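Structural overview
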Amino acid sequence: MAIKLIAIDIDGTLLNPQHEVTPRVKAAIEAARDKGVAVVLATGRPFLGVQRYLRELGLEQEGQYCITNNGALVQKANDASCVAEVPVTFDDYLYYEQMSRELGVNFQALTQSHLYTANKDISRYTVHEAGLTGMPLRYRTVEEMDPTLIFPKIMMIDEPELLDAAIARIPAEAYERNTIMKSAPFFLEILNKEVNKGAGVKLLAELLGLQRDELMALGDQENDLAMLEFVGTGVAMGNAITVVKEIAQFVTTSNREDGVAVAIEKFVL
């Protein structure tokens, strides 16, 4: 079957190491779009951190979609309205905020509009996330948090060696309670148990009446695994972690070498 939808991770995939969309990648995406293929950015970022790339690639239009917060939200690209939303609960926030303190790592929580931390000494990775996504950063103690807030995702964040040591101590019950996965060496994402990028792509494919064989996805990190496993054509970047390369049908070149364009040219154009 011809590919009719391409789901593309952003960081480490769409963007090169300088956080740019290269001319060749942009041209390949535009050619696929002009051919009638749906191009969907599927990312751990919130919508505010996606919008500039939707605009740059000509995807900020009626009838276009994006998958944000690792699948917690499926949104219309033109106005950010939700097609589907599966958040974590405030009880989850309390559970993992306390756990992060016990494990000695930093913690943050994202709504659709703000990034919250209860860490008085704010992590440089929280500052990095705020800058990357353009989300306003708010310091609030746990007691100051509004229990009616809805979080697409919450995160443990820290230096990679500290985070890995903490991950090794996370109890098994946490993995039964939530989807937990790394999106970068310094980010551990905690989502609703039903949420991952693969579930987001599945929902969108059903909405658009597409079969798995008509879907392609590209990614590089652990949070891309479910998406690459679900689609008919799963593509790992040349810079992907080993487990992603092992489950992919094809390994393209790295994000330094226009890997997204290489795959689109091979399978779509």
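Quick summary incoming for the structure in this document. Numbering of residues starts from 1 in every chain and runs along the sequence as written. Since the coordinates come from a predicted model, pLDDT governs what is reported: local features require at least 70, and pairs of side-chain atoms require 80 or more to be given and counted, while whole-chain, interface and lining totals use all residues. Calculated side-chain values reflect all of the structure's heavy atoms, with hydrogen atoms and water omitted.

What to know about the layout of surface pockets
- Volume-wise, the largest pocket comes out at about 520 Å³.
- Of the residues forming the lining of the largest pocket, the biggest block, four residues, is contributed by helix H5 (residues 124–133).
- Residues belonging to the lining of the largest pocket are distributed by class as follows: eight nonpolar, 12 polar and nine charged. Using protein atoms alone on a 1 Å grid, points that fit a 1.4 Å probe yet trap it form a cavity, whereas open point sets bounded by protein on both sides within 12 Å along at least five of seven lines form a pocket; residues with an atom within 4 Å of a point count as lining. Grid points are joined across faces, edges and corners, and a volume is the space filled by probe spheres set on the points. By the criteria applied, helices consist of DSSP H or I runs no shorter than four residues and strands consist of E runs no shorter than two, each listed in order from the N terminus. Under this grouping Gly is polar, as are all residues other than the nonpolar Ala, Val, Leu, Ile, Met, Phe, Trp, Tyr, Cys and Pro and the charged Asp, Glu, Lys and Arg.

Some thoughts on the sheet that holds strand S4 (residues 73–76)
- Spatially, eight strands are ordered S5-S4-S3-S2-S1-S12-S13-S14 in an open sheet, and the strand pairing comes out mixed. Looking at the sheet topology across the chains shown, the edges are occupied by strand S5 (82–85) and strand S14 (250–251).
- Here S4 runs beside S5; their pairing, made up of three bridges, is antiparallel. Paired with Gln75 across the bridge in S5 is Cys82. Two strands form a pair only when DSSP identifies at least two bridges running between them.

Here we look at the packing of aromatic side chains
- Put simply, two rings from Phe, Tyr or Trp (the six-membered ring, in Trp's case) pair if the centres are within 6.5 Å, and we call them stacked under 30 degrees between planes, edge-to-face over 60, tilted for the rest. The final tally for this structure, using the stated rule, is eight aromatic pairs.
- Between Phe250 and Phe267, the aromatic rings sit 5.2 Å apart at their centres with planes inclined by 80°, giving edge-to-face as the arrangement. One end of the pair, Phe250, is in strand S14; the other, Phe267, is in helix H11 (residues 259–267), and 17 residues separate them in sequence.
- The class of Phe267 is partly exposed, set by a relative accessible area of 30%.
- Grouping aromatic residues by their ring pairs yields a cluster made of Phe90, Tyr93, Phe107 and Phe151.
- It is Arg177 that lies over the ring of Tyr95; its NZ or CZ is 4.1 Å from the centre.
- Above the ring of Phe267, the side-chain terminus of Lys266 is found at 5.5 Å from the ring centroid. In this scheme, a residue with accessible area under 20% of its type's maximum is buried, one over 50% is exposed, and one in between is partly exposed, where area comes from a 1.4 Å probe on protein chains only. The rule for a charge over a ring is simple: NZ of Lys or CZ of Arg within 6 Å of the ring centre, and within 35 degrees of the ring normal.

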